[in-house]
Amino acid sequence: MRQQLAEKHDPMPRPTATRVIVVANQKGGVGKTTTTVNVAAAMATHGQRVLVIDLDPQGNASTALRVEHDAETAGVYEVLVDGQSIESLIQPCPDVNNLDVLPASIALAGAEIELVPMVARENRLRRALEAFLASDAEKSRPYDYVYVDCPPSLGLLTVNALVAAREVMIPIQCEYYALEGLSQLVKTVDMVQEQLNPALNLSTILLTMYDARTRLSAGVADEVRAYFSDRVLKTAIPRSVRISEAPSYQQTVITYDPSSPGSLAYLEAAREIADAGARAGADQGAHE
């Protein structure tokens, strides 16, 4: 049994209200799930209370956070299709304090088809999450962050996540085809914002698989920063064997090798996200 990673002594600033962030990119292999679990773990180890919702039928986020998600395990499928409450299905991550998971199971693969005939099918996750967070807000220590890990597609599962969230984070790999198809994702976000969720905001872009030795990575990073401006985090996640190895041990790199460059980069990215939220909260308070 691995020892549970405790909170560090330098906590990140807590948001004034729970931030619901969907991590999406319909292009596979960009580090989407890796980003979700490592940012969540980094925040939890530095004072935040975090929930990860695994909306990908592959269940890779559930695997990395070492929670049960076999075919018999109830999770997000039961929330979307059967209307079960989120609270009854959450599992704690055994390696990180303050980090909980709503797991995926293979049953989720059929959810897209089963959702089609349902009334208000795009709102299934939002209704469940709003009810859960309203109840959670009454507790002495409510969740600070909810991260939703999406499948690599723009189907009903991802639309449910976008309707339920307030923010979108897009991981973009520093490779030749980085921006390919990204315009379609941005259009989908705009469409959801216009028709289903006016509060949705594309708040964060994270560069992944960055190789400082190559001109290609630098060129892609410059292009992304020119396109998305200040929404791009200053921290870029480097290519790292440790990041790739960690899931095979059912761990995040934060617990697998806390001092590795990949772990430190995800920690800095998480801190940037937390600091940006604190600034936004302070600005909002000043205007009220």
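Residues numbered from 1 in each chain as written. Predicted model: local features only at pLDDT ≥ 70, side-chain atom pairs only at ≥ 80, totals over all residues. Heavy atoms only, no water.

**Side note on the pairing of strand S4 (residues 99-102)**
Then step 1. Here S4 shows two buried faces, one formed by Leu99 and Val101 and the other by Asp100 and Leu102.
Then step 2. Examined bridge by bridge, strand S3 (residues 91-92) and S4 share two bridges and lie antiparallel to one another. Looking across to S4, one finds that Gln91 is bridged to Val101.
Then step 3. Connecting S3 to the antiparallel partner S4 that follows it, the hairpin turn spans six residues, and Asn98 within it adopts a positive phi of roughly 70°. (Buried < 20%, exposed > 50% of the residue type's maximum accessible area, 1.4 Å probe, protein only. Helix = DSSP H or I, 4+ residues; strand = E, 2+ residues; numbered from the N terminus. Pairing = 2+ DSSP bridges.)

**Quick look at the side chain of Asp54**
Then step 1. With respect to the helices and strands, the residue Asp54 is situated in strand S2 (residues 50-54).
Then step 2. Not counting residues within four places of it along the chain, the set of residues in contact with Asp54 comprises Gly59, Asn60, Ala61, Ser62, Val76, Leu102, Pro103, Ala104, Leu108 and Asp149. (Contact = heavy atoms within 4.5 Å.)

**Here's the deal with the packing of aromatic side chains**
Then step 1. Within the structure shown, the criterion is met by five aromatic pairs.
Then step 2. Where Tyr145 meets Tyr147, the ring centres are 5.9 Å apart and the plane angle is 10°; that geometry is what we call stacked. By the burial criterion, Tyr145 is buried, and Tyr147 matches it.
Then step 3. Directly above the aromatic system of Tyr143 lies the positively charged group of Arg49, at a separation of 3.8 Å from the ring centroid. (Phe/Tyr/Trp six-rings, centres within 6.5 Å; stacked < 30°, edge-to-face > 60°. Lys NZ or Arg CZ within 6 Å of the ring centre and 35° of its normal.)

**Examining the sheet that holds strand S6 (residues 167-173)**
Then step 1. Across the sheet, which stays open at both edges, the eight strands sit in the order S3-S4-S2-S5-S1-S6-S7-S8 with mixed pairing between neighbours. Lying at the two open borders of the sheet, with one neighbouring strand each, are S3 and strand S8 (232-238).
Then step 2. For strand S1 (residues 19-23) and strand S5 (residues 145-149), the ladder comprises five bridges, and the chain directions are parallel. Bridged to Val23 within S5 is Asp149.
Then step 3. Most of the contacts of helix H5 (residues 124-136) go to S5, to which it runs at about 160°, and overall it touches S1, S2 and S5.
Then step 4. Seen against the sheet, helix H8 (residues 215-228) touches S6, strand S7 (201-210) and S8 and runs at an angle of roughly 175° to S7. (Axes fitted to C-alpha atoms, helices over the stretch in contact; angles between N-to-C directions.)

**Digging into the pattern of salt bridges**
Then step 1. Per the counting criterion, the structure on display carries 12 salt bridges.
Then step 2. The salt bridge partner of Asp144 is Arg14, with a shortest N-O separation of 2.7 Å. With Asp144 in the loop between H5 and S5 and Arg14 in the segment before S1, this pair connects stretches of sequence that are 130 residues apart.
Then step 3. On the basis of relative accessibility, which here comes to 2%, the residue Asp144 falls in the buried class.
Then step 4. With a closest N to O distance of 2.7 Å, Glu167 and Arg19 form a salt bridge. In this pair, Glu167 is assigned in strand S6 and Arg19 in strand S1, connecting sequence segments 148 residues apart.
Then step 5. Counted as one network, the salt bridges with shared partners bring together Arg49, Glu87, Asp136 and Lys139. (Salt bridge = Lys/Arg side-chain N within 4 Å of Asp/Glu carboxyl O.)

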